[in-house]
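These are the residues of each chain, in order.
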Amino acid sequence: MAKKGNRACGVLMPIFSLPSAYGIGTFSKEAYEFVDFLKEAGQSYWQILPLGQTSYGDSPYQSFSTFAGNPYFIDIETLIEEGFLSREDADKCDFGGSEEYIDYEKMYRARFKLLMKAYDNRDKAKNAAALKKDFEAFKKNKDNDWLSDYALFMALKNAYDGRAWNTWEEGVRLRKSAAIKEAAQKYAKEVDFYCFLQFLFSQQWSKLKSYANDKGIDIIGDIPIYVAFDSADTWANPELFLLDKKNTPIDVAGCPPDAFSATGQLWGNPLYRWDYHKKTGYKWWMKRIAQCYRLYDVVRIDHFRGFDEYYAIPYGNATAEIGEWRKGPGIDLFNTMKKELGEKRVIAEDLGFLTPSVIKLVQKTGFPGMKILQFAFDSREESDYLPHNYTKNCIVYTGTHDNDTTRGWFDKLPRNDKKFAKEYLGIHYAKDAVWECIRSAFASVSDTAIIPMQDYLELPGYARINTPSTLGGNWVWRMKKDALTKELCQKMHDYARIYGRLQ
């Protein structure tokens, strides 16, 4: 994935984890300072999590739209500077008191009210006339043909007290044209408000991304394989999904039982009608992937295995124990992508149990897969995740957003595994474990090494981003504002230089 066969390195750091005065990381001056830090530290990549608008559970992998951006990331400071809001408006809001944790409930209660105030003040903002013109052009842009469905979906969701769309009144639930027309008129202001938020999001993100690219930092983003059932995507395009005549799911997504979970993982996302997608030349997928490349330079495809075979669980089942594997679109989708969108940089998330056919699919695409150092140290058997087994065409991580921090992981390792890890990594003192893991990743032949920010900061388990199959306490970690020291920057730069990974 590194350009022109160069070795490279980068940092995994969600936008929401950046420091900010307003309760959650945003496209703020702190984001620009983070880019400057990456540049100084000799990094080439900033990997983030999906930018979509989160729903219940606050997971970026369960979003109200696969196309829309998260309004929480709109920077309040910028809105104050541009005259949409006064400092007093922002200071009156309670976004939670911790600089290390996000309080999503407070965010939800305060953020949209504040953003509505910004919307109401748009005619008083600096350059209001130019802004109005740009906003109108944004709404008419053919790349944003998802916008009106999304905005109406959000307005209706509010009208129905946040209930899932399959509980709405029949006319809007089944998108009967008279009912949709009436709703669009009735909620016109709110629909325009949600369009405006996407306009602000797009403006601010484009600016930050251009700044990063100008500094030689490429953005790695994430495309979740599935979309949420309670999303504008499923509501507006039920024909794309495995739903019955009443738009109720027939089967849903998940993973069967394994060593990590006795009852499997029941994700509950609707499955795709792959035969229908194939007939359309994967039109919706091409639109979705093209949107990703407007947001990111490199795309990590989550749950890559699902394109080869996917697990289908009958809708209504309480666990994932009963289900079956079915064939996915395979190489056909990626050949179409290459033809329609040209050569693109992709990372295949090929973790977990891999069948020969998945391995073959990854090889056929030529996409680099992922190697996770934390998976390597099972004292009972040889592992593909040990660095001496890597090939160049892979991305090595100490851990991902679904792993414990490396400090948390090492401290909890079973005795024999810890002994093996110490021998392999040359750890003499437990306090050095994290940096020895980073060193091992950097020294490997893998052309790209990505390290989570919490590992560079040597943080324990409280800084973990997500524990899969659990609800609550996830996606909340934030970095303290004084965390990025000159010493850390120098140490990161030294590692990049020593192991031939400097930008």
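Residues numbered from 1 in each chain as written. Predicted model: local features only at pLDDT ≥ 70, side-chain atom pairs only at ≥ 80, totals over all residues. Heavy atoms only, no water.

### Quick notes on the layout of surface pockets
Move 1: The volume enclosed by the second largest pocket comes to roughly 470 Å³.
Move 2: Along the wall of the second largest pocket there are 23 residues; nearest its centre are Thr54, Phe64, Tyr72, Tyr108 and Phe112.
Move 3: Put simply, the parts of the chain that give the lining of the second largest pocket at least two residues each are α4 (104–120), α6 (147–159) and α9 (188–214).
Move 4: If you tally residues by element for the lining of the second largest pocket, the top one is α4, at five residues.
Move 5: Class assignment for the residues of the lining of the second largest pocket results in eleven nonpolar, seven polar and five charged. (1 Å grid on protein atoms, 1.4 Å probe; cavity = no way out; pocket = protein on both sides within 12 Å on 5 of 7 lines; lining within 4 Å. Points joined across faces, edges and corners; volume = space filled by probe spheres on them. Helix = DSSP H or I, 4+ residues; strand = E, 2+ residues; numbered from the N terminus. Nonpolar A, V, L, I, M, F, W, Y, C, P; charged D, E, K, R; others polar.)

### So, the environment of Ile465
Move 1: Positionally, Ile465 belongs in the loop between α18 (453–456) and α19 (486–498).
Move 2: In sequence terms Ile465 and Val476 are eleven residues apart; their C-alpha atoms lie 6.7 Å from each other.
Move 3: Among all residues touching Ile465, those that are not within four sequence positions of it are Pro14, Phe16, Ser17, Leu49, His401, Gln454, Asn474, Trp475 and Trp477. (Contact = heavy atoms within 4.5 Å.)

### With respect to helix α13 (residues 331–341)
Move 1: Residues Leu333, Phe334, Thr336 and Met337 constitute the buried set of α13. End-on, the buried residues of α13 take up no more than an arc of 155 degrees, which puts them together on one face.
Move 2: Looking at the buried side of α13, the elements it contacts are α12 (283–295), β6 (298–301), β9 (345–348) and α14 (356–365).
Move 3: Of the residues trailing α13, Gly342 is marked for its positive phi of about 85 degrees. (Buried < 20%, exposed > 50% of the residue type's maximum accessible area, 1.4 Å probe, protein only. Arc of directions from axis to C-beta.)

### Here's the deal with the nonpolar core
Move 1: Core analysis: the biggest nonpolar cluster contains 169 residues, and Trp46, Trp205, Trp285, Phe307, Phe442, Met453 and Tyr456 have the highest contact counts within it.
Move 2: The biggest single contributor to this core is α9, with twelve residues.
Move 3: Here Phe442 is in contact with Arg7, Cys9, Ala449, Ile451, Tyr456, Tyr495, Ala496, Tyr499 and Arg501, once residues within four sequence places are set aside. (Core = buried A, V, L, I, M, F, W, Y, C linked by side-chain atoms within 4.5 Å.)

### Focus: the side chain of Gln47
Move 1: You can see Gln47 is positioned in strand β2 (residues 45–47).
Move 2: Look at Gln47 and you get buried, because its relative accessible area is 4%.
Move 3: Of the polar contacts made by the side chain of Gln47, one reaches the side chain of Tyr397; its length is 2.7 Å. (Polar contact = N/O pair within 3.5 Å; in protein donor to acceptor, adjacent residues only side chain to side chain.)

### Side note on the packing of α12 against α13
For any two helices packed against each other, the geometry is given by the interaxial angle and the distance between the axes.
Move 1: For the pair α12 and α13, interaxial distance at closest approach is 11 Å and the crossing angle is 60 degrees. Taken together, the axes of α12 and α13 lie oblique to each other. As α12 runs across α13, the sense of the crossing is right-handed. Listed contacts from α13 to Trp285, Met286, Ile289, Ala290 and Tyr293 of α12 are Leu333, Thr336, Met337, Glu340 and Leu341. (Axes fitted to C-alpha atoms, helices over the stretch in contact; angles between N-to-C directions. Parallel < 35°, antiparallel > 145°, perpendicular 65-115°, else oblique. Left-handed = near helix turned anticlockwise from the far one by under 90°.)

### Observations concerning the sheet that holds β6
Move 1: Pairing within the open sheet is parallel, and its eight strands lie in the order β9-β6-β3-β2-β1-β12-β11-β10. Bordering the open sheet on either side are β9 and β10 (369–372), each of which pairs with just one other strand. Direction aside, the axes of adjacent strands within the sheet are offset by 25 degrees on average.
Move 2: Contacting β1 (8–12), β11 (394–397) and β12 (448–452), helix α17 (residues 433–443) runs over the sheet at an angle of about 160 degrees to β12. (Pairing = 2+ DSSP bridges.)

### Describing the side chain of Gln204
Move 1: Structurally, the position occupied by Gln204 is in helix α9.
Move 2: Filtering out sequence-adjacent residues up to four positions away, Gln204 remains in contact with Phe27, Tyr32, Phe73, Ile74, Asp75, Thr78 and Leu79.

### Let's talk about the pattern of salt bridges
Once the charged atoms of two side chains with opposite charge are near each other, the side chains can pair.
Move 1: Applying the stated criterion across every chain yields a total of 31 salt bridges.
Move 2: Where Glu136 meets Lys139, a salt bridge forms, and the shortest distance between an N and an O atom there is 3.3 Å. You can see Glu136 and its partner Lys139 sitting in helix α5 (residues 128–140), three residues apart, about one turn around the helix.
Move 3: For Lys419, the salt bridge is made with Glu423, and the minimal N-O distance between the two is 3.4 Å. Residue Lys419 and its partner Glu423 are located together in helix α16 (residues 415–425), separated by four residues, close to a single helical turn.
Move 4: A relative accessible area of 53% places Lys419 in the exposed class.
Move 5: The exposed category is assigned to Glu423, whose relative accessible area is 55%.
Move 6: One network of salt bridges, with partners in common, ties together Glu136, Lys139 and Asp192. (Salt bridge = Lys/Arg side-chain N within 4 Å of Asp/Glu carboxyl O.)

### Overview of α16
Move 1: The complete set of buried residues in α16 reads Asp417, Ala421 and Leu425. Considered in projection along α16, the buried side chains sweep an arc of 50 degrees and stay on one side of the axis. Facing away from the buried surface of α16 by more than 90 degrees, the exposed residues are Arg415, Asn416, Lys419 and Glu423.
Move 2: On its buried face, α16 is in contact with α15 (406–412) and α17.
Move 3: Two residues or fewer after α16 comes Gly426, characterised by a positive phi angle close to 70 degrees.

### A short note on empty space enclosed by the protein
It is a probe the size of a water molecule, rolled over the atoms, that shows where empty space is left.
Move 1: Throughout the structure, instances matching the rule amount to four cavities of 30 Å³ or more.
Move 2: A volume near 210 Å³ is recorded for the largest cavity.
Move 3: Lining the largest cavity we find 25 residues, and of these Pro50, Gly52, Ser65, Thr66 and Pro224 sit closest to its centre.
Move 4: For the lining of the largest cavity, the elements supplying multiple residues, two or more each, are β3 (218–223) and α12.
Move 5: For the lining of the largest cavity, the element with the most residues is α12, which contributes four residues.

### Some remarks on the packing of aromatic side chains
Move 1: Tallying each qualifying case throughout the model produces 58 aromatic pairs.
Move 2: Consider the rings of Phe375 and Tyr385, whose centres lie 5.3 Å apart with planes at 75 degrees: the pair is edge-to-face. Separated by ten residues along the polypeptide, Phe375 in the loop between β10 and β11 and Tyr385 in the loop between β10 and β11 bring together distant segments of the chain.
Move 3: What makes Phe375 partly exposed here is its relative accessible area of 34%.
Move 4: A residue is classified by how much of its surface remains accessible, and Tyr385, at 15% relative accessible area, is buried.
Move 5: When the centroid spacing of 5.1 Å and the interplanar angle of 70 degrees are considered together, the rings of Trp435 and Tyr495 count as edge-to-face. With Trp435 in helix α17 and Tyr495 in helix α19, this pair connects stretches of sequence that are 60 residues apart. (Phe/Tyr/Trp six-rings, centres within 6.5 Å; stacked < 30°, edge-to-face > 60°.)

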